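Commentary on secondary and tertiary structure
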Amino acid sequence: MKLSEAPIGAQVEVLHIEESDITPRLRGIGVLPGIKIEVLKSAPMGDPRMYRVFNKVISLRNSEAELIEVQVSEDSPLPLTFVSPGSYKVEHIESGKIARMNLSRLGIIEGAIVQLLDDRRVKTANGVHDVGFGKLRKIYVVPCKQERSPEIKNAG
Amino acid sequence: MVITVGLVGNPNVGKTSLFNKLVGARQYVANWPGVTVTRIEGATSYKEQTLHFIDLPGLYTLSATSLDEKVTRDFLLYSPPNVTIVVIDSMSPEQGMYLLLETLELNLNVIAVFNAIDEAKKNGIKFDKSSLESYLRVPVVLTSAHTGEGITELMDTILATFRKPNRPKLLDYGPEIENKVAEFERYFEDTYNKRFLSLKLVEGDKFAMELLKKDVEPTSVLPSNMSDLAIKIAKRRYDYVTNVLNRAMSNSESAITSMEAIDHVFTHKYIGIPIFFALMYLAFNFTFKASEPLVGLIEVGFQKLTDLIGSNSIFTSLISQGIINGVGSVISFIPSIFALFFALGIMEESGYLPRIAFLMDRAMYSLKLTGRSFMTLLLGFGCNVSSVMAARGLTDERERVTTILVSPFVSCSARIPVYLMIIGIAFPNHRAEAFFVMYLLSIALTALSARIINKIVMKGESIPLVMELPRYRFPSLSNVATYMWNRGKHFLQKAGTIILVASVVVWVLIYFPDPTNVENSFAAMIGKGLQFIFAPLGFQWQTVSALIFGSVAKEIIVSSFAQFYGGVGNIVLDPVAASALMVFILGYIPCFATLAAIKSETNSLKYPVISVVYSLSISYILALLVSIVGRVIV
Ligand SMILES: Nc1nc2c(ncn2[C@@H]2O[C@H](COP(=O)(O)OP(=O)(O)OP(=O)(O)O)[C@@H](O)[C@H]2O)c(=O)[nH]1
Ligand SMILES: [Mg+2]
């Protein structure tokens, strides 16, 4: 996937960079194959976006980010809209207080284990809910390790 | 014995702050990358040695692309200093250490300085100095330009390094690259640093290609897989850096600071831009309100003084009218100028400025500019010369020239006295609003001009933008006060020099040949002679003469008006003529200092000429529009 398409909040690993006028500067900043980049946030209308490279924050236009081929890192949190059905741990929720409260009523809080079903509904400790695309996008999860799933069943 | 010491490093790591600490200077420091765009020199003596420091523009790699970066590269390459200090940000050391490794390829005598160590400590970052030294094989000093930590140690290290130079060769890039480097060395003249240049050539650096021997064709020698090699070289350096830091730096997970929480709002997708405009409004309102009582007080004071002296003889007239009334009318607005610089100082020191560039970048697409040039133009609210200079940080030449050419339309602080005077006369009940409208107009005119210039003068495509967003810093009162004083004192100097001289000249033109009636003066003759040009705008001769004198520096408009009418209080202007006048003044001609800066920064006479012709025509057209529409409404 291109860096410009990576979801906000994700951590990605650079695979390949297409040569352009700014590649020397990008190399100097550390945008190189094998390096991890964090997608921080986007400006109005989705362009440009902020990225973290090592500990520096840089702004890149999508037209330049397109030249950078990346893959999402294994342990990177991703929004629920971005992952395939399965069982996940909620890493963080990118919302204001009210939205958080509403989600917590459904059993979606940071640290909780949830299951994304095939029909994009979410199964939590207290039932199956239709959360809606807008909210799903704000819930960042990491995949659950296989051996931990029996524990969840016991807990549920 | 003079020891030359160069300061290099990434942008915004505190090179100039260190320079100021080391030589006791007060050079321009701010929390955004690309503040320093020329080399700045200063000397101090320490332990009977003279240390000559050279502060340089920041860069990420010696493969320089923008003008300011080239200043640094050329300095290191053509006049290497005795000691080179590579300043590294302790909070993000990777990129700085990358530059350190590149600098070591130049075979320089290097000291690595980890600056902002105070911030690192607060965030739980620790460095093991001796292992840094053993892995990097150069002396390491941990400093803070804010608390002064490590500064004396740095001075001692400079002396020691000078006495016992060490130029370590750290990295071996492996046979594939090293063979190429060795092969390429013969393409360069002996006078150059051949290893550095051939390594740069392998990296595909354009500058290294230019320095090839005359008979060498770049296309015939360069390898086809050059971009792979460039990546391998950079990877090798970053791998080394990461390894060193793994061993020599410990990092406890840092919590989100309150400043980062604020950033969520400041750079918010939807409310970020409205917040920016609200803050702008606040800043200009503050400029207006905070200084108002003081302005009034000074005005009254000068008025009393003029009355006291009277103007019966030629001598008392020169003193009371020419000097006190002429210069005093400008000086009384200086508190407003200081207030504006106070607000700008907070914006520049906090780290908010580059966030505005981030927010506005998208909107600048349509003007074929970047958010970075928006940020550069914002500096012009202080002084247009600053933005013309700061444009050096723009990588694209077309963008740089466009930014320079539209800079004069950003309403600089020298125009504040003029607006305040006119607004006070023509819109006494809506002063703050009228003041803000002028700023909105200024932004609109700047954008319009960028469009026109891009269409006519420089046709071009949109350009890439890679910009660092520095961390927020809480602006300390003393920093902001220094900033305000540094920038504002310029106006006091101006008042004592150019404005004083111009006021006396205007006084002479008013006093002669007929001291009793200003209508018969030379100044009136000039104004009346040229009045026909401005007749459609409804300007009186006084306005015409003031505009002519004001082309030197805008404040002189105020000084001339004050003298024509014998004090600011006696001036009459109807609202329509006043509006047309303010619109005309907003654009009509860049001051001499700005024109000189445009000439030197573009290295040609063409652009200052374009600037004068264009600005005169556009402001005439706009002022005409205002006066036509105004007459219809009123
Ligand atoms: N806390 C802290 N802040 C620092 C230190 N050194 C510099 N700063 C701040 O960092 C910002 C940048 O400082 P400058 O001295 O302008 O940096 P520079 O390296 O000259 O930047 P450019 O000229 O843009 O390349 C300013 O806001 C300084 O106040 C330090 O040691 N500690
Ligand atoms: Mg500097």
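Residues numbered from 1 in each chain as written. Chains lettered and ligands numbered in written order. Predicted model: local features only at pLDDT ≥ 70, side-chain atom pairs only at ≥ 80, totals over all residues. Heavy atoms only, no water.

**Quick word on the overall build of chain B**
Within chain B one finds 29 helices and nine strands. Taking 26 Å as the expected radius of gyration for a compact globule of 634 residues, we find that chain B reaches 28 Å, a close match to that expectation. When the backbone C-alpha atoms are referred to their principal axes, chain B occupies close to 90 × 50 × 50 Å. Excluding contacts between residues fewer than 6 apart, the proportion of contacts in chain B whose partners are at least 24 apart in sequence is 73%. Of the accessible surface of chain B, which amounts to about 25300 Å², a share of 62% is contributed by carbon and sulfur atoms. A distance of 2 Å separates the average location of the 54 positive side-chain charges in chain B from that of its 51 negative side-chain charges. (Helix = DSSP H or I, 4+ residues; strand = E, 2+ residues; numbered from the N terminus. Rg over C-alpha atoms; globule rule 2.2 N^0.38 Å. Contact = heavy atoms within 4.5 Å. Areas by Shrake-Rupley, 256 points an atom, 1.4 Å probe, with all protein chains shown as cover. Lys, Arg positive; Asp, Glu negative; His and termini not counted. Charge placed at Lys NZ, Arg CZ, Asp CG, Glu CD.)

**A few points about the interface of chain A and chain B**
It is common to give the size of an interface as the accessible area lost on bringing the parts into contact. With 33 residues of chain A at the contact, the number on the chain B side is 42 residues. For the pair chain A and chain B, the two sides together bury roughly 3500 Å², of which 58% comes from carbon and sulfur. On the chain A side of the contact with chain B, A:Arg25, A:Lys56 and A:Arg61 bury the most area, a combined 24% of that side's loss. On the surface where chain A and chain B come into contact, there are four salt bridges. A salt bridge links A:Arg25 to B:Glu69, with the shortest nitrogen-to-oxygen separation between them at 2.9 Å. (Buried area = accessible area lost by both parts, 1.4 Å probe. Salt bridge = Lys/Arg side-chain N within 4 Å of Asp/Glu carboxyl O.)

**Quick look at the packing of aromatic side chains**
Residue and element names in this part refer to chain B. Applying the stated criterion to the full structure yields 31 aromatic pairs over all chains. Ring centres of Phe 276 and Phe 374 lie 5.9 Å apart, and the angle between their planes is 70 degrees; on these two criteria the pair is classed as edge-to-face. Of this pair, Phe 276 sits in helix α13 (residues 272–309) while Phe 374 sits in helix α17 (residues 371–378), placing them 98 residues apart in sequence. For the pair shown, Phe 276 and Phe 374 are each scored as buried. Ring pairing ties together the aromatic residues Tyr 281, Phe 284, Phe 288, Phe 381, Phe 435, Phe 436 and Tyr 439, which thus form one cluster. Stacked on the ring of Phe 207, the Lys or Arg Arg 73 has its end atom at 3.4 Å from the ring centre. Here Arg 237 stacks its cationic end above the ring of Tyr 98, 5.4 Å away from the centre of that ring. (Phe/Tyr/Trp six-rings, centres within 6.5 Å; stacked < 30°, edge-to-face > 60°. Buried < 20%, exposed > 50% of the residue type's maximum accessible area, 1.4 Å probe, protein only. Lys NZ or Arg CZ within 6 Å of the ring centre and 35° of its normal.)

**Considering the site of ligand 1**
Residue and element names in this part refer to chain B. Around ligand 1 sit 25 residues in total, of which Lys 15, Thr 16, Ser 17, Thr 36 and Ala 145 are the nearest. Lys 15 is positioned with one of its side-chain polar atoms (N or O) 2.7 Å from an oxygen atom of ligand 1. Out of a free accessible area of 660 Å², ligand 1 has 98% covered by protein chains. Take the shell around ligand 1: its biggest share by element is three residues, from helix α1 (residues 15–23). (Near = heavy atom within 4 Å. Polar contact = N/O pair within 3.5 Å; in protein donor to acceptor, adjacent residues only side chain to side chain.)

**Regarding the environment of A:Ser42**
Among the structural elements, A:Ser42 can be located in strand β2 (residues 36–42). Judged by relative accessible area, which is 6%, A:Ser42 ranks as buried. When the C-alpha positions of A:Ser42 and A:Ser59 are compared, they lie 9.1 Å apart, and in sequence the two are 17 residues distant. Setting aside chain neighbours within four positions, we find A:Ser42 in contact with A:Ile8, A:Pro48, A:Arg49, B:Thr267, B:Lys269 and B:Phe358.

**Description of unusual backbone geometry**
What is expected of a backbone is that most residues other than glycine have negative phi and most peptide bonds are trans. Residue A:Asp47 is joined to A:Pro48 through a cis peptide bond whose omega torsion reads -5 degrees. Summarising the element assignment, A:Pro48 is placed in the loop between β2 and β3 (49–53). In the segment running from B:Phe512 into B:Pro513, the intervening peptide bond is cis, with an omega of -5 degrees. Among the secondary structure elements, B:Pro513 is positioned in the loop between α23 (498–511) and α24 (522–534). Its identity as a non-glycine residue notwithstanding, B:Asn12 has a phi of 65 degrees, on the positive side.

**Here's the deal with the sheet that holds β2(A)**
Ordered in space as β5(A)-β1(A)-β2(A)-β3(A)-β4(A)-β9(B), the six strands form an open sheet in which the pairing is antiparallel. With one partner strand each, in any of the chains shown, β5 (68–72) of chain A together with β9 (466–468) of chain B form the two edges of the open sheet. Pairwise comparison of adjacent strand axes, ignoring direction, gives a mean angle of 40 degrees for this sheet. In this structure, β2(A) lies alongside β3(A), joined through five bridges in antiparallel fashion. Bridging from a neighbouring strand, A:Ile37 pairs with A:Val53 of β3(A). (Pairing = 2+ DSSP bridges. Axes fitted to C-alpha atoms, helices over the stretch in contact; angles between N-to-C directions.)

**Focus: the domain arrangement of chain A**
All names here are of chain A. Each domain of chain A was delimited in the assignment, giving domain 1 (3–72) and domain 2 (78–143). Between the C-alpha centres of domain 1 and domain 2 there is a distance of 27 Å. Contacts between the two partners involve six residues from domain 1, matched on the other side by four residues from domain 2. Counting across the domain 1 and domain 2 interface gives zero salt bridges. At the junction of domain 1 with domain 2, the criterion picks out one residue pair in polar contact (both at pLDDT 80 or more). Of the residues assigned to the side of domain 1 that touches domain 2, the class counts are four nonpolar, one polar and one charged. (Domains from an automatic or database assignment. Nonpolar A, V, L, I, M, F, W, Y, C, P; charged D, E, K, R; others polar.)

**Examining the coordination of the magnesium ion (ligand 2)**
Residue and element names in this part refer to chain B. Around the magnesium ion (ligand 2), the protein contributes the donor atoms Thr 16 (OG1) and Thr 36 (OG1), which lie 1.9 to 2.0 Å from the metal centre. In this pair, Thr 16 sits in helix α1 while Thr 36 sits in the loop between α1 and β2 (40–46), placing the two residues 20 residues apart along the sequence. A residue is classified by how much of its surface remains accessible, and Thr 36, at 10% relative accessible area, is buried. (Donors = N, O, S within 2.8 Å, 3.2 Å for Na, K, Ca; no water.)

**As for the sheet that holds strand β6 (residues 78–79) of chain A**
Residues and elements named next belong to chain A. Taken in spatial order, the six strands of this open sheet run β6-β11-β7-β8-β9-β10, and their pairing is antiparallel. Every other strand in the sheet has two partners, leaving β6 and β10 (127–129) as the edge strands with one partner each. Inspection of the sheet shows strand β7 (residues 86–93) paired to strand β11 (residues 139–143) by five bridges, in the antiparallel sense. Following the sheet pairing, Ile 93 is matched in β11 by Ile 139.

**Some words on the domain arrangement of chain B**
Residue and element names in this part refer to chain B. Examined at the domain level, chain B breaks down into domain 1 (2–163), domain 2 (175–231) and domain 3 (272–461 + 477–633). Each of domain 1 and domain 3 has a C-alpha centre, and the two are 39 Å apart. Taken together, the contact pairs 16 residues of domain 1 with 22 residues of domain 3. Surface buried jointly by domain 1 and domain 3 totals about 1400 Å² across both partners, of which 57% is contributed by carbon and sulfur atoms.

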